[in-house]
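# Tertiary structure, described
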Amino acid sequence: MANGNARNIEYITNFSVLFGQVRLLFFAKSREIVGRKEAELEVVRLTTPRDVLQTLLQEYPGLGEISDNIVLSLNEEYLEIDDQQIVLEAGDELAIIPPISGG
């Protein structure tokens, strides 16, 4: 039993190494769809922009209507929606920027 408890404690201790809370910022159409300006989301720290987008779509399915045109920005730097690995830190800001039309 003691061995099992040690593994559980190690898992709980390392949980923050694997996951972190990021601050989501919604703009324009994404704000309209989600119904809020900001939110927090627990994410895997070592991830890809494509996986982050998939997590967002699971949490906010309505974003699916604009998902082909969403741009993500991490701490005010645009991300390519690809499989390049990124490391998210607690407190990072992830902006969800929908297509913007104008003329």
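All residue numbers refer to position in the chain's written sequence, counted from 1. The predicted nature of this model means local features are confined to residues of pLDDT at least 70 and side-chain atom pairs, given and counted, to a pLDDT of 80 or more, with totals for whole chains, interfaces and linings taken over all residues. Think of the side-chain values as coming from all heavy atoms in the structure, minus any hydrogens and water.

A few words now on the overall build of the chain. Going along the chain from the N terminus, every DSSP run of H or I of four or more residues is numbered as a helix, and every run of E of two or more is numbered as a strand. Looking only at helices and strands, the chain has three helices and seven strands in total. If you list the helices and strands of the chain from N to C, you get α-β-α-β-β-α-β-β-β-β. Only protein chains enter the accessibility calculation, which uses a 1.4 Å probe; a residue is then buried when its area is under 20% of its type maximum, exposed when over 50%, and partly exposed in between. Going through the 103 residues of the chain one by one, you find that 34% of them count as buried. Put simply, 61% of the contacts in the chain that link residues at least 6 apart link residues at least 24 apart. Each accessible area is a Shrake-Rupley result for a 1.4 Å probe, and residues are judged covered by the shown protein chains and nothing else. Surface exposure of the chain reaches about 6900 Å², of which carbon and sulfur atoms provide 49%. Whether two residues are in contact is decided by their heavy atoms: any pair within 4.5 Å suffices.

Attention now moves to the sheet that holds strand 1 (residues 19–26). Two strands are said to pair when DSSP picks up at least two bridges between them. With mixed pairing, five strands are arranged side by side in an open sheet as 2-1-7-4-5. On the outer flanks of this sheet lie strand 2 (38–44) and strand 5 (77–79), each paired with one strand and no other. Adjacent strand axes in the sheet meet at a mean angle of 35 degrees when their direction is disregarded. Pairing of strand 1 with strand 7 (residues 93–97) involves four bridges; the strand directions are parallel. In the sheet register, Arg23 faces strand 7, and the bridge partner there is Glu93. What counts as an axis is a line fitted to C-alpha atoms, over the stretch in contact for a helix, and the angles between N-to-C directions run from 0 to 180 degrees.

The next point concerns helix 3 (residues 49–59). Every buried residue of helix 3 is listed here: Pro49, Val52, Leu53, Leu56 and Leu57. Buried residues along helix 3 cover an arc of 140 degrees about the axis, so they all sit on one side. Within this analysis, the arc is defined by the directions that extend from the helix axis to the C-beta atoms.

Here we take up the nonpolar core. Definition used in this section: a nonpolar core is a set of buried Ala, Val, Leu, Ile, Met, Phe, Trp, Tyr and Cys residues joined via side-chain atoms within 4.5 Å. Counting residues in each nonpolar core, the largest one holds 22 residues, and the members touching the most others are Leu24, Phe26, Leu56, Tyr60, Leu63, Leu72 and Leu94. No other element matches the four residues that helix 3 contributes to this core. In this structure, Leu63 is in contact with Phe26, Ser30, Ile33, Val34, Leu56, Leu57 and Ile70, ignoring residues within four places of it in sequence.

So, on to the pattern of salt bridges. Salt bridges, as used here, are contacts in which a Lys or Arg side-chain nitrogen is within 4 Å of a carboxyl oxygen on Asp or Glu. Taken as a whole and judged by the stated rule, the model has six salt bridges. Two residues, Glu89 and Arg45, come together in a salt bridge whose shortest N-O distance is 2.8 Å. Linking Glu89 in the loop between strand 6 (86–87) and strand 7 with Arg45 in the loop between strand 2 and strand 3 (46–47), this pair joins segments that are 44 residues apart in sequence. Residue class for Glu89 comes out partly exposed when judged on its relative accessible area of 38%.

The subject of this paragraph is the environment of Leu94. Tracing the backbone through its elements, the reader meets Leu94 in strand 7. When its relative accessible area of 3% is taken as the criterion, Leu94 is described as buried. Once the C-alpha coordinates of Leu94 and Leu74 are considered, the two residues, 20 residues apart in sequence, prove to be 4.7 Å apart.

Each aromatic pair joins two rings of Phe, Tyr and Trp (for Trp, the six-membered one) with centres within 6.5 Å, and gets the label stacked for planes under 30 degrees apart, edge-to-face for over 60, and tilted for any other angle. Scanning the entire structure with this criterion turns up one aromatic pair. Seen in terms of ring centroids, Phe26 and Tyr60 are 5.3 Å apart; in terms of plane orientation they differ by 75 degrees. Their pairing is edge-to-face. With Phe26 in strand 1 and Tyr60 in the loop between helix 3 and strand 4 (71–74), the pair connects residues that are 34 residues apart, well separated along the chain. By relative accessible area, which is 0% here, Phe26 ends up buried.

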